[in-house]
Amino acid sequence: PGTGDAACLDILVSSQGKIIALYDDFSLVEADHAGDVVRYPLPVSKDEFITQICEDRRQHIWIGTSHGILLFDLNQKKFISGSTTLRALQDEFVHSIFCDHQGILWLGVRQPFGLYRYDPGVNKLQKLENETLRHLSTVSEFGRISGMAEDEQYRIWMWSTVGGGMVRYDVQKNEWKHFPDQESRNIVFANKGINSVYPQNDSTVWISTTVGDGLIRFNPENGNVIQLNLEEGLLSDYLFQIGYDQD
C-alpha cells in the first residue's frame, strides 16, 4: 500500500516472486508472501507525472515519468543511475514501458508521440518512425502508446487508450501492421480507446475498450469478432486489464 488514499498506478510480480506496485503518492512498494511491505519514495518532484513499471532481465525496475525514466535495483534495494545513453529521454514523457523476450526495452512517449527501442546489451537507443505508427500518433494531440504485449511468435502488439486501433510489429520479419485494416474499419474497437490487449495465439486476440464493450475476441487472420458481455456472464462490461492463468 501507498500512503493514505494513494491509488495504485501499476503492479507486477517480480522475478524474485515479490509484488512491486507503483502508487500515485510517488512511492514504489515491495511486498512479499509473508506480508512484509517496504515503501521506497521516488526521487522525483511532486509536479511530475509517473506512469508505468517494468522489470528487465537485470532485475531492474523501470519507472516511466514525465521526465524520462527511473531505475530501481531489486537486489541493492535502491534507485540507480542508468546508462548515459538513456539521458536522451530526460525530456520525454515516458507513458509506457515493455521488456520483450530478448530483454529489449520498448518505450512509448507522448506530447510529442514517439516510440523508442533500447538494447541494454549494446547500450543502443533507437527512435522508431514509420507510417504504420501514424495510426496511433495522429489520432489526437495526445496520441500515445498506452500498452504493449508480446505474442507466441514474439510479435509486439501496441495500443492506445485514446484510439487508433492496434499496431503489431513482427520483429523477425521487420514488418509493421495496423488493425483493423481498411476493410474492417467499422469493427467494434476501430475508433475507440483500448484499455488492454492479450494476444493468445495467431487467431485469437482478446481486447477491452475504454467505453464498456465487454470482452472482445478478435481474429487478426480474418477480422472476425466475437463480443462477450454481461449476458454471457461477465461481471461488468467495463474491463481494465486482461490476463491469463495457468488453467
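Residue indices begin from 1 for each chain and proceed along its sequence in written order. In keeping with the model being predicted, local features are shown solely for residues with a pLDDT of at least 70 and side-chain atom pairs are shown and tallied solely at 80 or more, while totals for entire chains, interfaces and linings include all residues. Side-chain metrics rest on all non-hydrogen atoms present in the structure, leaving aside hydrogens and water.

K.L.:
In this structure, what is going on with the overall build of the protein chain? I would like to understand it.
P.N.:
Numbering of helices and strands runs from the N terminus, with a helix taken as a DSSP run of H or I at least four residues long and a strand as a DSSP run of E at least two residues long. Each helix and strand counted, the protein chain has one helix and 20 strands in total. Radius of gyration: C-alpha atoms only; globule rule: 2.2 Å multiplied by the number of residues to the exponent 0.38. Against the 2.2 N^0.38 benchmark of 18 Å for 247 residues, the protein chain shows a C-alpha radius of gyration of 18 Å, consistent with a compact globule. Burial classes follow relative accessibility: with a 1.4 Å probe on protein chains only, a residue under 20% of its type's maximum area counts as buried, one over 50% as exposed, and anything between as partly exposed. Among the 247 residues that make up the protein chain, the fraction classed as buried is 49%. Residue contacts are defined here by distance: any two heavy atoms, one from each residue, within 4.5 Å place the two residues in contact. Looking at the protein chain alone, contacts between residues at least 24 apart form 40% of all its contacts between residues at least 6 apart. We treat Lys and Arg as the positive residues and Asp and Glu as the negative residues; His and chain ends play no part in the count. Positions of charges follow a simple convention, taking NZ of Lys, CZ of Arg, CG of Asp or CD of Glu. Averaging the locations of the 21 positively and 34 negatively charged side chains of the protein chain gives two centres separated by 6 Å.

K.L.:
Please explain the pairing of strand β18 (residues 204–209) as it appears in this structure.
P.N.:
Taken residue by residue, a regular strand's side chains alternate between the two faces of the sheet. For β18, a buried count of six out of six residues is recorded, marking the element as mostly surrounded by other parts of the structure. Going residue by residue along β18, you find Thr204, Trp206 and Ser208 tucked away on one face and Val205, Ile207 and Thr209 tucked away on the opposite face as well. Sheet topology note: the strand β17 (residues 194–201)/β18 ladder contains six bridges and is antiparallel. When the bridges of β18 are listed, Pro199 appears paired with Val205. Turn length for the β17-β18 hairpin, with the two strands adjacent in sequence and antiparallel, is two residues. Sheet topology note: the β18/strand β19 (residues 215–218) ladder contains three bridges and is antiparallel. Note on β19: the bridge partner recorded for Val205 is Phe218. Whether two strands pair comes down to DSSP finding at least two bridges between them. Linking β18 to β19, which pair antiparallel, is a turn of five residues; within it Gly212 sits at a positive phi near 75°.

K.L.:
Please explain the sheet that holds β19 as it appears in this structure.
P.N.:
Hydrogen bonding along the main chain pairs the strands of a sheet, whether they run parallel or antiparallel. Strand order in the open sheet formed by four strands is β17-β18-β19-β20, with antiparallel pairing between adjacent strands. One side of each edge strand has no neighbouring strand; the edge strands of this open sheet are β17 and β20 (225–228). Strand-to-strand, the axes of this sheet are offset by a mean angle of 20°, without reference to chain direction. Note on definitions: angles span 0 to 180 degrees between N-to-C directions of axes, and those axes are lines fitted to C-alpha atoms, for helices only across the stretch in contact.

K.L.:
What should I look at first to understand the packing of aromatic side chains in this one?
P.N.:
Think of a pair of aromatic rings as described by two things: how far the centres are apart, and how the planes are tilted against each other in angle. Classification of ring pairs rests on two measures: the distance between centres of Phe, Tyr or Trp rings, Trp counted by its six-membered ring, which must be within 6.5 Å, and the angle between planes, read as stacked under 30 degrees, edge-to-face over 60 and tilted in between. Scanning the model with the defined rule gives ten aromatic pairs in all. Placement of a charge over a ring requires the Lys NZ or Arg CZ to be within 6 Å of the ring centre, with the centre-to-atom vector within 35 degrees of the ring normal. Taking NZ or CZ as reference, Arg110 lies 4.0 Å from the ring centre of Phe93, over its face.

K.L.:
Any chance you could explain a nonpolar patch on the surface here in plain terms?
P.N.:
To count toward a patch, a residue needs a relative accessible area above 30% and no salt bridge. Like charges then connect within 9 Å, nonpolar side chains (Val, Leu, Ile, Met, Phe, Trp, Tyr) within 5 Å. Residue burial considers only the protein chains on display, and all accessible areas are found by Shrake-Rupley using a 1.4 Å probe. One speaks of a salt bridge when a side-chain nitrogen belonging to Lys or Arg is within 4 Å of a carboxyl oxygen belonging to Asp or Glu. Taken together, the side chains of Ile11, Val13 and Ile19 make up a nonpolar region of the molecular surface, amounting to roughly 280 Å² of accessible area. Its place among the elements puts Ile11 in strand β1 (residues 8–13). Owing to a relative accessible area of 52%, Ile11 belongs among the exposed residues under this scheme.

K.L.:
Got a minute to help me understand the pattern of salt bridges in this structure?
P.N.:
Per the counting criterion, the structure on display carries seven salt bridges. The closest approach of N and O atoms between Asp25 and Arg39, which form a salt bridge, is 3.9 Å. Of this pair, Asp25 sits in the loop between β2 (19–23) and β3 (27–31) while Arg39 is found in strand β4 (residues 37–41), placing the two residues 14 residues apart along the sequence. Owing to a relative accessible area of 14%, Asp25 belongs among the buried residues under this scheme.

K.L.:
Can you walk me through the side chain of Asp73 in this structure?
P.N.:
Secondary-structure assignment places Asp73 in strand β7 (residues 68–73). One buried charged residue, Asp73, forms no salt bridge at all, with the nearest opposite charge on Lys77 at 7.7 Å. At 3.3 Å, the side chain of Asp73 and the side chain of His60 are in polar contact. Separated by 2.9 Å, the side chain of Asp73 and the backbone nitrogen of Gln76 make a polar contact. Among all residues touching Asp73, those that are not within four sequence positions of it are Gln59, His60, Lys78 and Ile80. Here a polar contact is taken to be a pair of N or O atoms separated by no more than 3.5 Å, where protein atoms must pair a possible hydrogen donor with a possible acceptor and residues adjacent in sequence count only if both atoms sit in side chains.

K.L.:
Hey, could you run me through the environment of Leu125 in this one?
P.N.:
Mapped onto the secondary structure, Leu125 falls in strand β12 (residues 124–128). Taking C-alpha positions, Leu125 is 27 Å from Ile194, a pair spaced 69 residues apart along the chain.

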